[in-house]
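Single-letter residue listing:
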Amino acid sequence: VLLKEDDDNPGRLRLVGQWLHKPKSTGIHRIVSHRNWMISLISRSNRPDYLARELHNMNQFGSARALQHLTALIDLIAYEDDYLDGYKYAAVGPGTWKKFVAGNGSIKKDKQYVGKMVDAIHNHPMFVGDLSNESNDNILDAIGIGITAFASMSGYARVHDVKSFIRLVENSTKMCEYGKER
């Protein structure tokens, strides 16, 4: 999703674009397809101010574990596009953003999930817009992640457990220096 700070309501986000990418390819071709799509999305969106992704525990089995390659791709693209400089890139755990947006970090994806999230996002003080026709839970999740990351990175709210990647850049620099010949 692409969220922008609303011109008439500073500190509040508006949904200005949403895209889904489901390549039919497999293996390395699927990974390359995802990478090229994400890079083109960033350039088509006139380079957003912030990037955020959901933080998954990679020791999990099933769906979250299957997202490892996407997580790595998003991290790599953030690195290549200089989003790791400053507070411009974050990873937000599912319990963290659900608690910040809906008040309950353990909302399950059941039949009422979409309705609960539409209501929660509509009522959130950091969102402006109408989502009454939205039925895709992944789009709603992305909006929730975006709101939480924006609140944390821009300083509008103190949200615990939003991972900034400044430490990653500092550690990467140290690792590269360690390998240099003296």
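Just so you know, the residues in each chain are numbered from 1, in the order the chain's sequence is written. Local features are withheld for residues below a pLDDT of 70 in this predicted model, meaning they are given only at 70 or higher, and side-chain atom pairs are given and counted only at 80 or more; totals for whole chains, interfaces and linings count all residues. Think of the side-chain values as coming from all heavy atoms in the structure, minus any hydrogens and water.

1. Quick word on the nonpolar core
How we decide: By nonpolar core is meant a set of buried Ala, Val, Leu, Ile, Met, Phe, Trp, Tyr and Cys residues that side-chain atoms within 4.5 Å join together. Only protein chains enter the area calculation, which uses a 1.4 Å probe; residues under 20% of their type maximum are buried, those over 50% are exposed, and those in between are partly exposed. Helix and strand definitions follow DSSP, with helices as H or I runs of at least four residues and strands as E runs of at least two, each counted in order from the N terminus. Here, two residues are considered to be in contact whenever any of their heavy atoms come within 4.5 Å of each other.
Counting 26 residues, the largest nonpolar core has Met117, Ile121, Phe127, Leu131, Ile143 and Ile147 as its most contacted members. Elements that contribute at least two residues to this core include exactly β4 (89-92), α4 (94-102), α5 (113-123) and α6 (137-154). Of the residues forming this core, the biggest block, 9 residues, is contributed by α6. Beyond its immediate chain neighbours, meaning those up to four positions away, Ile147 contacts Leu3, Leu13, Phe100, Val101, Ile121, His124, Met126 and Phe127.

2. Thoughts on the packing of α5 against α6
Spelled out, the test is: Between N-to-C directions, angles span 0 to 180 degrees; the directions come from axes that are lines fitted to C-alpha atoms, helices contributing only their stretch in contact. Take the far helix as the reference: if the near one is turned anticlockwise from it by less than a right angle, the crossing is left-handed, and if turned clockwise, right-handed. Any residue outside Ala, Val, Leu, Ile, Met, Phe, Trp, Tyr, Cys, Pro, Asp, Glu, Lys and Arg is labelled polar, Gly included; the first ten of those are nonpolar and the last four are charged.
Look at α5 against α6: their axes get within 10 Å of each other, and the N-to-C directions meet at 30°. Considering how the two elements wind past one another, α5 and α6 form a crossing that is left-handed. On α6, the residues touching Tyr113, Val114, Met117, Val118 and Ile121 of α5 are Asp137, Leu140, Asp141, Ile143, Gly144 and Ile147. When the residues that make up the contact of α5 with α6 are grouped by side-chain class, the tally is 8 nonpolar, 1 polar and 2 charged.

3. Describing the pairing of strand β2 (residues 13-17)
The cut-off we apply is this: Strands are labelled as partners when DSSP assigns at least two bridges between them.
As paired elements, strand β1 (residues 2-5) and β2 share 4 bridges and run antiparallel to each other. Within β2, the position partnered with Lys4 by the bridge is Arg14.

4. Let's talk about a negative patch on the surface
Note the threshold: Patch rule: a residue counts if its relative accessible area is over 30% and it has no salt bridge; like charges are joined within 9 Å, and nonpolar side chains (Val, Leu, Ile, Met, Phe, Trp, Tyr) within 5 Å. With residues, only the protein chains shown are counted as cover, and all accessible areas are computed by Shrake-Rupley using a 1.4 Å probe. Salt bridges are identified by distance alone: a Lys or Arg side-chain nitrogen within 4 Å of an Asp or Glu carboxyl oxygen. Charge counting treats Lys and Arg as positive and Asp and Glu as negative, with His and both chain ends excluded. A single reference atom marks each charge: NZ on Lys, CZ on Arg, CG on Asp, CD on Glu.
On the surface, a cluster of negative charge is contributed by Glu5, Asp7, Asp8 and Asp49. Tracing the chain through its elements places Asp7 in the loop between β1 and β2.

5. Here's the deal with α6
In plain terms, the rule: Expected helix span is computed as 1.5 Å times (number of residues minus one).
Its 18 residues place the ends of α6 25 Å apart at the C-alpha level, agreeing with the 26 Å of an ideal helix rising 1.5 Å per residue. A large share of α6 lies buried, amounting to 13 of its 18 residues. A positive phi of about 85° marks Gly155, the residue just after α6.

6. Things to note about the environment of Phe127
Following the sequence through the fold, Phe127 ends up in strand β5 (residues 127-128). Considering only alpha carbons, one finds Phe127 and Gly11, 116 residues apart in sequence, at a separation of 8.5 Å. Each residue touching Phe127, except ones within four places of it in the same chain, is listed here: Leu3, Arg12, Leu13, Arg14, Leu15, Ile121, Ile143 and Ile147.

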